[in-house]
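What follows is the residue order along each chain.
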Amino acid sequence: MGANIIDGKALAETVKQEAAQQVTALKEQGITPCLAVVLVGEDPASQVYVRGKINDCAQCGIESRSIRLPETTTQAELLAQVKLLAEDPAVHGILVQLPLPAGIDEKAVIDAIPPEKDVDGFSPVNVGRMQIGEPCYLPCTPAGCIRMIESTGVSIAGKQAVVVGRSNIVGKPAAMLLLAKDATVTVCHSKTRNLKELCAAADILVAAVGRAGFVTGDMVKPGAVVIDVGINRGADGKLHGDVDFAAAAERAAWITPVPGGVGPMTRAMLMLNTVEAARRAAVR
Ligand code: NAP
Ligand code: LUD
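What you see is a predicted model; the values in this text were computed from it and never measured.

Draft legend 1. Representation of the UniProt feature "binding site: NADP(+)" (unreviewed entry) in the protein. UniProt marks Gly165, Arg166, Ser167 and Ile231 with the feature "binding site: NADP(+)" (unreviewed entry), using the numbering shown here. The annotated residues contributing to the lining of the largest pocket are Ser167 and Ile231. Considering the arrangement of structural elements, one finds Ser167 in the loop between strand S5 (160-164) and helix H7 (171-180). Leaving out residues up to four positions away in the same chain, Ser167 has contacts with Lys172 and Pro173.

Next up, the structure:
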């Protein structure tokens, strides 16, 4: 066990303290940041994450609105709810927890969130702004990954970074942010042929696959920084990352645990985005 652990829970507390300080300053100007979180259906994992977000808001002094809609909600009903929040000047950030029940078009819902309230950073306008390096809301999970890498003191510039996974919410934006930090980035996916070799050459390895233990010890370069985004619930009821933690920790210099890694950081970065949304609303 050579690796240092990147303690996502502890780092998230630091980030939330930062957010709380900014909230205090905004409140002195008469502004109370407010996040609306919409959860459709009863997915147990989503319920846990949303509860965590609401608790984080309270901890930071951010007002929150928790909107729970039944599994049977139609797309039109959800869009109407999002529209209400979009038009409400007291609401600075809107988050619709994904995944949505079958039959609801995620894209249509994301498109209904005004870019200035899109604290998830999922709307096309924010994605585009991120791509060209303009000010925007960075997606919380990838932004949390970057913050975790930076917390190690290992510099990103010039490094070989490999991201496994290319989803719009994790893999792709993580690759984009690493590129913006001057890493040389390779993105792997299900059609990648020499995935093991590519991973084994990575100075920075980000795993966002959704398969427990996908990254084995031999895929970790000695001295690498390993960021495990995966959250997989095993038959044992426990959470497992995408990385074989014990084997990877033998070789890595730094590694994130699951739980207590990227998950809490995702929530903390959301607090920063919400505070930013309130600040920007004030100067508009
Ligand atoms: P996703 O949309 O299912 O994407 C998974 C990606 O992994 C896809 O790009 C897929 O490739 C690739 N992949 C799947 N099997 C592969 C294989 N055998 N070899 C190579 N690549 C493979 O998942 P996601 O939303 O990005 O989430 C990934 C994981 O992160 C999940 O466990 C999720 O629960 C977790 N997550 C955690 C957080 C957090 O805050 N900690 C946030 C979001 C997600 P193709 O594109 O070719 O299909
Ligand atoms: N949808 C997210 N869907 C799923 N883990 C999260 C997440 C906290 N619109 C929207 O919140 O950013 C999002 N925006 N996501 N996710 C995943 C993704 C979304 C995942 C894990 C956690 C948020 C988290 O707190 C804890 C940990 O890893 O230590 C464990 C929590 C547990 O299950 O006990």
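Draft legend 2. Structural detail: the site of ligand 2. Looking at ligand 2, there are 17 residues lining it, with Lys53, Val96, Leu98, Asp120 and Gly260 nearest. Between ligand 2 and Lys53, the relevant distance is 2.7 Å, taken from an oxygen atom to a side-chain nitrogen or oxygen of the residue. Between ligand 2 and Arg267, the relevant distance is 3.0 Å, taken from an oxygen atom to a side-chain nitrogen or oxygen of the residue. Surface burial for ligand 2 is 83%, taken as the share of its 680 Å² of free accessible area covered by protein chains. In this structure the site holding ligand 2 corresponds to the largest pocket.

Draft legend 3. Fine view of the site of ligand 1. Surveying the vicinity of ligand 1 reveals 21 residues, the closest of which are Arg166, Ser167, Ser190, Ile231 and Thr266. Val229 is positioned with one of its backbone polar atoms (N or O) 3.4 Å from an oxygen atom of ligand 1. Notes on ligand 1: free accessible area 920 Å², of which the protein chains cover 70%. Counting residues per element, the shell around ligand 1 draws most heavily on helix H10 (residues 262-283), which supplies 3 residues. Residue composition of the shell around ligand 1, grouped by class: 9 nonpolar, 10 polar and 2 charged.

Draft legend 4. Seen up close, the environment of Ala80. Within the fold, Ala80 resides in helix H3 (residues 75-87). Taking the relative accessible area as the measure of exposure, Ala80 reaches 41% and is therefore partly exposed. Taking C-alpha positions, Ala80 is 30 Å from Gln131, a pair spaced 51 residues apart along the chain.

Draft legend 5. Looking closely at the pattern of salt bridges. Counted according to the given criterion, the structure contains 14 salt bridges. In this structure, Glu276 and Arg280 form a salt bridge, with 3.0 Å as the shortest nitrogen-oxygen distance. On the criterion of helical spacing, the pair formed by Glu276 and Arg280 is a turn pair, its members being 4 residues apart in helix H10. The class of Arg280 is partly exposed, set by a relative accessible area of 26%. The structure contains a network of salt bridges with shared partners spanning Glu13, Lys16, Asp56 and Arg267.

Draft legend 6. Spotlight on the sheet that holds strand S8 (residues 225-228). Here we have 6 strands laid out as an open sheet, ordered S1-S11-S8-S7-S5-S6, and parallel in their pairing. The strands lining the two open edges of the sheet, one partner per strand, are strand S1 (4-5) and strand S6 (184-188). Here S5 pairs with S6 via 5 bridges, running parallel. Residue pairing in the sheet places Val164 in a bridge with Cys188 of S6. Strands in contact with H7 are S5, S6 and strand S7 (204-207); relative to S5, the strand with the most contacts, it is inclined by about 170 degrees.

Draft legend 7. Spatial organisation of the layout of surface pockets. Of the pockets and cavities examined, the largest pocket occupies roughly 1200 Å³. Elements that contribute at least two residues to the lining of the largest pocket include exactly helix H1 (8-28), helix H2 (44-60), strand S4 (93-96), helix H6 (140-151), strand S9 (232-233) and H10. When its volume is computed, the second largest pocket comes out at roughly 380 Å³. Forming the walls of the second largest pocket are 17 residues, and the residues nearest its centre are Phe122, Val127, Asn168, Ile169 and Lys172. Those elements giving two or more residues to the lining of the second largest pocket turn out to be helix H4 (106-112), helix H5 (124-131) and H7. Residue classes in the lining of the second largest pocket are distributed as 8 nonpolar, 5 polar and 4 charged.

Draft legend 8. Geometry of the environment of Gly103. By secondary structure assignment, the location of Gly103 is in the loop between S4 and H4. Relative accessible area serves as the criterion here: at 72%, Gly103 is assigned to the exposed category. Between the C-alpha atoms of Gly103 and Thr72, which are 31 residues apart in sequence, the distance is 9.7 Å.

Parameters and conventions
- Residues numbered from 1 in each chain as written.
- Chains lettered and ligands numbered in written order.
- Predicted model: local features only at pLDDT ≥ 70, side-chain atom pairs only at ≥ 80, totals over all residues.
- Heavy atoms only, no water.
- UniProt positions renumbered as here; feature names shortened; annotations may be inferred.
- 1 Å grid on protein atoms, 1.4 Å probe; cavity = no way out; pocket = protein on both sides within 12 Å on 5 of 7 lines; lining within 4 Å.
- Helix = DSSP H or I, 4+ residues; strand = E, 2+ residues; numbered from the N terminus.
- Contact = heavy atoms within 4.5 Å.
- Near = heavy atom within 4 Å.
- Polar contact = N/O pair within 3.5 Å; in protein donor to acceptor, adjacent residues only side chain to side chain.
- Areas by Shrake-Rupley, 256 points an atom, 1.4 Å probe, with all protein chains shown as cover.
- Sits in = over half its atoms within 2 Å of the grid points.
- Nonpolar A, V, L, I, M, F, W, Y, C, P; charged D, E, K, R; others polar.
- Buried < 20%, exposed > 50% of the residue type's maximum accessible area, 1.4 Å probe, protein only.
- Salt bridge = Lys/Arg side-chain N within 4 Å of Asp/Glu carboxyl O.
- Pairing = 2+ DSSP bridges.
- Axes fitted to C-alpha atoms, helices over the stretch in contact; angles between N-to-C directions.
- Points joined across faces, edges and corners; volume = space filled by probe spheres on them.

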